[in-house]
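As a plain string of letters, each chain reads:
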2 protein chains.
Amino acid sequence: MVQTLAYPKKKQNTINRYDSRGTYDLRAIHHIINSTPVLHVSFAPNPEDPFPAILPMIGVMGSFEYPSADLDEPLDCYLHGYVSSRIIRLARNSPKGIPVCIAATKVDGLVLALTPNSHSYNYRSAVLQGYGQVVDTDQEKLYAMEKITNKVVPGRWEKTRIPPDNVEMTSTAILRVKIETGSGKVRQGGPHDDAKDENRADITEKVWTGVVPVYETFDNPLSSATNKVDPIPEYILKYVQNTTAENRQLAHDAVKEP
Amino acid sequence: MVQTLAYPKKKQNTINRYDSRGTYDLRAIHHIINSTPVLHVSFAPNPEDPFPAILPMIGVMGSFEYPSADLDEPLDCYLHGYVSSRIIRLARNSPKGIPVCIAATKVDGLVLALTPNSHSYNYRSAVLQGYGQVVDTDQEKLYAMEKITNKVVPGRWEKTRIPPDNVEMTSTAILRVKIETGSGKVRQGGPHDDAKDENRADITEKVWTGVVPVYETFDNPLSSATNKVDPIPEYILKYVQNTTAENRQLAHDAVKEP
């Protein structure tokens, strides 16, 4: 069996409820983060405020030190921010970096069972915790900006006007999150009801059970009013079609029992 | 002009970056929460742990005191949890309730511009902050459980085996979050580039710009191996078809300038 890297199980990331659905596998967790367009990033805004804050951000896994590192290797999470935003200011003011939690969840299906309590979603979720520090060299910033742009559409970076100019470089801030712990959770399969309900004909003859597959569709690209490039480039069309097909396949695969 | 209710702007929920995209309108914010299958809920796990935690949870806006309250009225957020989970235990041990932040984001499109920095997503996001308390009467618990089940598929509750039995009632915990602040952010329209790039033919003749509409598709329901109800009930088919059509329409509407 090939040994794969896993995040260490600590108190704060160990899955207790439905622990068979838990995963600590780096590749699985990093893949969920990379394939989710918007991540939710949580942090404590200030000591007087009792509430954590959550920001929707775009981010991607990567390693500036080992750029060829694969998804199953230790990676940082690069988050794209605005230079004067609160999270960036807080990160600048904490020597160790700002403690953040990053979450990504993809819904693959609605699972409809005999009883409300057995209802569920098929889903894949990933959570990372780590310290976010502001990237301070242009070289690493460009590395992260390229990765983030290519997350939106692979290969997009080099098809646009690059490099960013001075104003663009100074108005953009990149947060590099050193990951301390991570975990993922995956639910797949059909509805699981208790025998006490499955054995009652008055229930099973009345309640439909099954799965509604759910997936993110990328629709045909629409040119902007000022666009001058015709036809739509192949790398965009291919990516859009492949993403929809892959998402659909994943949602349908998730209907099968694991 | 009709006066609509808005969340008060406080320091922690005021949108500074791209403030024209911000909304404090109750109906808009509550609608995003209700139409997002999985919410991300952030909380501080314990005083020694520097990291906030994030849980994917299912939740819905509602008011047990004023069940007929509309989406544009003050509402609580009901979250579904397992009785021995960490967030529920913490909520039980805090007299005021546990301070949480709830986030929901829907991506409506990839916005591809001339330069990496002008790339964006069309999206609708909502963030709520409030104190979560464990619901302690069966009556309110049933109210919330029904609303949560009907979030998965409207009308589903009364089509299943109800009411929940004693074991189901005691293993389920419901968190009622009293909302203190809330805000939303909506980005729509095509790419917005600077004149310095739009006026350069060498760039505009090379870089395709436009929007890839993105939306959540609910696919045809698949019956479980043990299902005995045939054909698939109309209320499920209709909901699945309408949701996909509405999501698609929203993604296409978002391409237009606001």
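Keep in mind that this is a model prediction, so the values were computed, not measured.

Looking now at helix α7 (residues 234–253) of chain B. If you check α7(B), its first and last C-alpha atoms are 28 Å apart, about what 20 residues at 1.5 Å a residue would give, namely 28 Å. What α7(B) keeps buried is the set Ile236(B), Tyr239(B), Val240(B), Thr243(B), Thr244(B), Asn247(B), Ala251(B) and His252(B). Tucked inside the fold, the buried residues of α7(B) contact β6 (98–112), β9 (210–218) and β10 (222–223) of chain A together with β6 (98–112), α3 (138–152) and β9 (210–218) of chain B.

Structurally, the position occupied by His40(B) is in strand β2 (residues 39–43). Residue His40(B) is classed as buried on the basis of its relative accessible area, which comes to 6%. Within polar-contact distance, the side chain of His40(B) engages the side chain of Thr105(A) at 2.7 Å. Apart from the residues lying within four places of it in its own chain, the contact partners of His40(B) are His40(A), Ile54(A), Ala103(A), Ala104(A), Thr105(A), Ile54(B), Leu55(B), Pro56(B), Cys101(B), Ile102(B) and Ala103(B).

Taken together, the contacts link 95 residues of chain A with 95 residues of chain B. Summed over both partners, the interface of chain A with chain B comes to about 7900 Å²; 61% of that surface belongs to carbon and sulfur atoms. The largest per-residue losses of area from chain A upon contact with chain B belong to Phe51(A), Arg161(A) and Trp208(A), which jointly make up 11% of the total buried on that side. Where chain A touches chain B, the interface holds eight salt bridges. Here Glu168(B) makes a salt bridge to Lys196(A), at a shortest N to O gap of 3.8 Å. There are 41 residue pairs in polar contact (both at pLDDT 80 or more) connecting chain A and chain B. For β10(A) and β9(B), the ladder comprises two bridges, and the chain directions are antiparallel.

The subject of this paragraph is the environment of Ile54(B). Along the polypeptide, Ile54(B) turns up in strand β3 (residues 53–57). Residue classification places Ile54(B) among the buried positions, given a relative accessible area of 4%. Separated by 74 residues in sequence, Ile54(B) and Leu128(B) place their C-alpha atoms 14 Å apart. Excluding residues within four positions of it along the chain, Ile54(B) makes contact with His40(A), Ser42(A), Cys101(A), Ala103(A), Val127(A), His40(B), Val41(B) and Ser42(B).

The next point concerns the confidence of the model for chain A. Low-pLDDT portions of the prediction should not be read for the details of their coordinates. Per-chain confidence: chain A averages 94 in pLDDT, with 98% of residues scoring 70 or above. Interface confidence in the predicted complex, given as ipTM, is 0.95; pTM for the same model is 0.95.

Glycine aside, the phi torsion of most residues is negative, and most peptide linkages are trans. Of note, the bond from Asp230(A) into Pro231(A) is cis; its omega dihedral lies within 30 degrees of zero at 5°. Position of Pro231(A) relative to the elements: it lies in the loop between β10 and α7 (234–253).

Superposing chain A onto chain B requires a rotation of 180° together with a translation of 0.0 Å along the rotation axis, leaving an RMSD of 0.0 Å. Overall, the copies show the geometry of a two-fold rotation axis. For chain A, the residue whose C-alpha comes nearest the rotation axis is Glu216(A), separated from it by 2.2 Å. Counting the interface residues of chain A, we find that 100% of their copies in chain B are interface residues as well, pointing to one common contact surface.

Turning to the pairing of β9(A), a few remarks are in order. Burial of β9(A) is extensive: eight of the nine residues sit out of reach of the surface. Pairing geometry for β6(A) and β9(A), over four bridges, is antiparallel. Note on β9(A): the bridge partner recorded for Gly109(A) is Pro213(A). Bridge count for β9(A) against β9(B) is five bridges, and the pairing is antiparallel. Paired with Tyr215(A) across the strands is Thr217(B), a residue of β9(B).

The next point concerns the packing of aromatic side chains. All names here are of chain A. Within the structure shown, the criterion is met by eight aromatic pairs over all chains. Each ring, one from phenylalanine 218 and one from tyrosine 239, has its centre 6.0 Å from the other, and the planes form 75°; the classification is edge-to-face. Of this pair, phenylalanine 218 sits in strand β9 while tyrosine 239 sits in helix α7, and the two are 21 residues apart along the sequence. Aromatic ring contacts, followed pair by pair, group Phe64, Tyr78 and Tyr143 into a single cluster. Positioned above the aromatic ring of tyrosine 235 is the side chain of lysine 159, whose terminal nitrogen or guanidinium carbon lies 5.2 Å from the ring centre.

The rules we used
- Residues numbered from 1 in each chain as written.
- Chains lettered and ligands numbered in written order.
- Predicted model: local features only at pLDDT ≥ 70, side-chain atom pairs only at ≥ 80, totals over all residues.
- Heavy atoms only, no water.
- Helix = DSSP H or I, 4+ residues; strand = E, 2+ residues; numbered from the N terminus.
- Expected span 1.5 Å × (residues − 1).
- Buried < 20%, exposed > 50% of the residue type's maximum accessible area, 1.4 Å probe, protein only.
- Contact = heavy atoms within 4.5 Å.
- Polar contact = N/O pair within 3.5 Å; in protein donor to acceptor, adjacent residues only side chain to side chain.
- Buried area = accessible area lost by both parts, 1.4 Å probe.
- Salt bridge = Lys/Arg side-chain N within 4 Å of Asp/Glu carboxyl O.
- Pairing = 2+ DSSP bridges.
- pLDDT = per-residue confidence, 0-100.
- Least-squares fit on C-alpha atoms with pLDDT ≥ 70 in both.
- Phe/Tyr/Trp six-rings, centres within 6.5 Å; stacked < 30°, edge-to-face > 60°.
- Lys NZ or Arg CZ within 6 Å of the ring centre and 35° of its normal.

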